Amino acid sequence: IFFTGRPEAYIRTYLCAGGNRYYDIDEHSETSTEDCNEYIRTVSENKNVALSDKCRELLVEKSQYSLNYLGFFLEEHRGCGMIEDVREIDNAPSTIYGYYTKQLHKYFTEAGKLEFFRERVRPIISVIVAAKRPLTEDDICAIIGIGKTALADIVRDATPLFIKRGNRVLLYHDAMKE
């Protein structure tokens, strides 16, 4: 699981796979219809899924130019052939956060850790989201009422969600706040 709207290395792998053409992508520019259309064209070939022009246009708009959203959609529809019915686009999660929620639920359910997430991870996420500044391990431990060893274990076991910078615990990506 990764949390970024424009994972540059991943994008380059797909967009440059068709030939020797170097495709210049600004991972911080999240408004390129050209990037999105090229990404859909390239990735859909590998996943045996295609979109009508109208569906592709609606999907790009709905994705808010998030290549990650597009990747989730195309993976979810792998092998289904041509998508011409706009209801398929309408039925997709309304934002990338809907896909994140589905992915997190799937990750913790398959790992048998749904209760772990609800009881141990969610409180840490809530504290980090509510904070006005990045929190140290000591801050989080004091607020939640757990020891540093317990916090370290939770952060390690929920690696896709957290990143440590020095003695601070951060969400892997700001999009998780949603």
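Look up a bit, the structure's there.
Residues numbered from 1 in each chain as written. Predicted model: local features only at pLDDT ≥ 70, side-chain atom pairs only at ≥ 80, totals over all residues. Heavy atoms only, no water.

**Some details on the overall build of the chain**
Across its full length, the chain holds 9 helices and 5 strands. Taken from N to C terminus, the helices and strands of the chain fall in the order α-α-β-α-α-β-α-α-α-β-α-α-β-β. Evaluated residue by residue, the chain yields a buried proportion of 39% over its 178 residues. Sequence-distant contacts, at least 24 apart, represent 62% of the contacts inside the chain between residues at least 6 apart. (Helix = DSSP H or I, 4+ residues; strand = E, 2+ residues; numbered from the N terminus. Buried < 20%, exposed > 50% of the residue type's maximum accessible area, 1.4 Å probe, protein only. Contact = heavy atoms within 4.5 Å.)

**Comments concerning the pattern of salt bridges**
For the structure shown, the criterion picks out 12 salt bridges. The shortest N-O distance in the salt bridge between Arg41 and Glu38 comes to 2.6 Å. One end of the pair, Arg41, and the other, Glu38, are both in helix 2 (residues 33-47), 3 residues apart, so they sit about a helical turn from each other. Two residues, Glu45 and Arg41, come together in a salt bridge whose shortest N-O distance is 3.1 Å. One end of the pair, Glu45, and the other, Arg41, are both in helix 2, 4 residues apart, so they sit about a helical turn from each other. Ionic contacts of the salt-bridge type, sharing partners, join the residues Glu38, Arg41 and Glu45 into one network. (Salt bridge = Lys/Arg side-chain N within 4 Å of Asp/Glu carboxyl O.)

**Quick notes on the side chain of Lys62**
Residue placement: Lys62 occurs in helix 3 (residues 53-63). Among the polar contacts made by the side chain of Lys62, one reaches the main-chain carbonyl oxygen of Asp90 at a distance of 3.1 Å. Those residues in contact with Lys62 that lie beyond four places of it in its chain are Tyr69, Ile89, Asp90, Asn91, Ala92, Pro93 and Ser94. (Polar contact = N/O pair within 3.5 Å; in protein donor to acceptor, adjacent residues only side chain to side chain.)

**Some thoughts on the nonpolar core**
By size, the foremost hydrophobic cluster in this structure holds 21 residues, and its most contacted members are Ile40, Leu51, Leu59, Leu70, Phe73, Leu74 and Tyr99. Of all the elements in the fold, those that place two or more residues in this core are helix 2, strand 1 (49-51), helix 3, helix 4 (67-76) and helix 6 (96-110). For this core, the element with the most residues is helix 4, which contributes 6 residues. In contact with Ile40, not counting residues within four places along its chain, are Leu51, Arg56, Leu59, Val60, Leu70 and Leu74. Counting 20 residues, the second-largest nonpolar core is a separate cluster that includes Leu135, Ile146, Ile154 and Phe162. (Core = buried A, V, L, I, M, F, W, Y, C linked by side-chain atoms within 4.5 Å.)

**As for helix 6**
Here helix 6 spans 21 Å end to end across 15 residues, near enough to the 21 Å set by a 1.5 Å rise per residue. Those residues of helix 6 lying buried are Ile96, Tyr99, Tyr100, Leu104 and Phe108. Angular distribution of buried residues about the axis of helix 6 spans 155 degrees; they occupy a single face of the element. In this structure, helix 6 carries Thr101 and Glu110 as exposed residues pointing more than 90 degrees from its buried face. Where helix 6 is buried, its residues meet helix 4 and helix 7 (114-130). Just downstream of helix 6, Gly112 is the residue with a positive phi angle, here 70 degrees. (Expected span 1.5 Å × (residues − 1). Arc of directions from axis to C-beta.)

**Description of the packing of aromatic side chains**
Scanning all chains against the criterion turns up 2 aromatic pairs. Centroid distance Tyr69 to Tyr99: 5.0 Å. Interplanar angle 75 degrees. Geometry classified as edge-to-face. Separated by 30 residues along the polypeptide, Tyr69 in helix 4 and Tyr99 in helix 6 bring together distant segments of the chain. The same class applies to Tyr69 as to Tyr99, namely buried. Both rings, one in Phe72 and one in Tyr99, keep their centres 5.4 Å apart while their planes meet at 20 degrees; by these two values the pair is stacked. Of this pair, Phe72 sits in helix 4 while Tyr99 sits in helix 6; the two residues are 27 residues apart in sequence, bridging distant segments of the chain. The same class applies to Phe72 as to Tyr99, namely buried. (Phe/Tyr/Trp six-rings, centres within 6.5 Å; stacked < 30°, edge-to-face > 60°.)

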